[in-house]
Amino acid sequence: MKFFIGLLSGLVLGAVGAVAYSVSTGRDLREEYAQLRGDIDNRDFDALGNRLEQRFNELQGMLQERANQIQGAASSNGDASAAIDDAKDAVSDAADAASDAVKDAGDAVKDATSDLPKG
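Residues numbered from 1 in each chain as written. Predicted model: local features only at pLDDT ≥ 70, side-chain atom pairs only at ≥ 80, totals over all residues. Heavy atoms only, no water.

J.: Explanation requested: the overall build of the chain in the structure shown.
T.: Within the chain, the secondary structure is distributed over 4 helices and 0 strands. Counting from the amino terminus, the chain carries its helices and strands in the arrangement α-α-α-α. When burial is assessed residue by residue, the chain has 4% of its 119 residues classed as buried. Carbon together with sulfur atoms contributes 61% to the accessible area of the chain, which is approximately 10000 Å² in total. (Helix = DSSP H or I, 4+ residues; strand = E, 2+ residues; numbered from the N terminus. Buried < 20%, exposed > 50% of the residue type's maximum accessible area, 1.4 Å probe, protein only. Areas by Shrake-Rupley, 256 points an atom, 1.4 Å probe, with all protein chains shown as cover.)

In structure tokens:
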């Protein structure tokens, strides 16, 4: 049963991936595979290398574009970044104050117990 569920899941994910590739690139995955397979069968490694270099350059461009979008979003959220830094400082200050309060309480307990008669 697990085998069939795994097989079905793999087929569905593969189909979704193929459709997503076709939609995002505007190229049919079946045609891309046929061209790639033809280059390998014909031992045309120059064409294969050129095709892979084109796809790599497209991928690099997409990644650079997304990195620029993230950097733009981060720079526009400068106020949020400052607020986060302020919150970190406040938490650190509160932790220090709590640590001091615990130390003071420990000292008070020690002083109180030292005054008790030993018995």
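J.: Explain the packing of aromatic side chains to me, please; I cannot follow it from the model alone.
T.: Aromatic rings in a pair are described by how distant their centres are and how their planes are angled relative to each other. Tallied over the entire structure, the rule returns 1 aromatic pair. On the numbers, 5.5 Å between centres and 70° between planes, the contact of Phe 3 with Phe 4 is edge-to-face. Residue Phe 3 is classed as exposed on the basis of its relative accessible area of 59%. Accessibility expressed as a relative area gives 57% for Phe 4, which makes it exposed. (Phe/Tyr/Trp six-rings, centres within 6.5 Å; stacked < 30°, edge-to-face > 60°.)

J.: Would you mind showing me how to read unusual backbone geometry here?
T.: Despite not being glycine, Arg 43 shows a phi value in the positive range, around 55°. If you trace the backbone, Arg 43 turns up in the loop between helix H2 (29–41) and helix H3 (45–76). Judged by relative accessible area, which is 64%, Arg 43 ranks as exposed.

J.: Explain helix H1 (residues 2–25) to me, please; I cannot follow it from the model alone.
T.: Given 3.6 residues per turn, any residue in an α-helix points the same way as the ones three and four places further on. A rise of 1.5 Å per residue sets the reference length of H1, with its 24 residues, at 34 Å; its end C-alpha atoms lie 34 Å apart and thus fit the reference within 8%. In the segment just after H1, Gly 26 is the residue with positive phi, at about 80°. (Expected span 1.5 Å × (residues − 1).)

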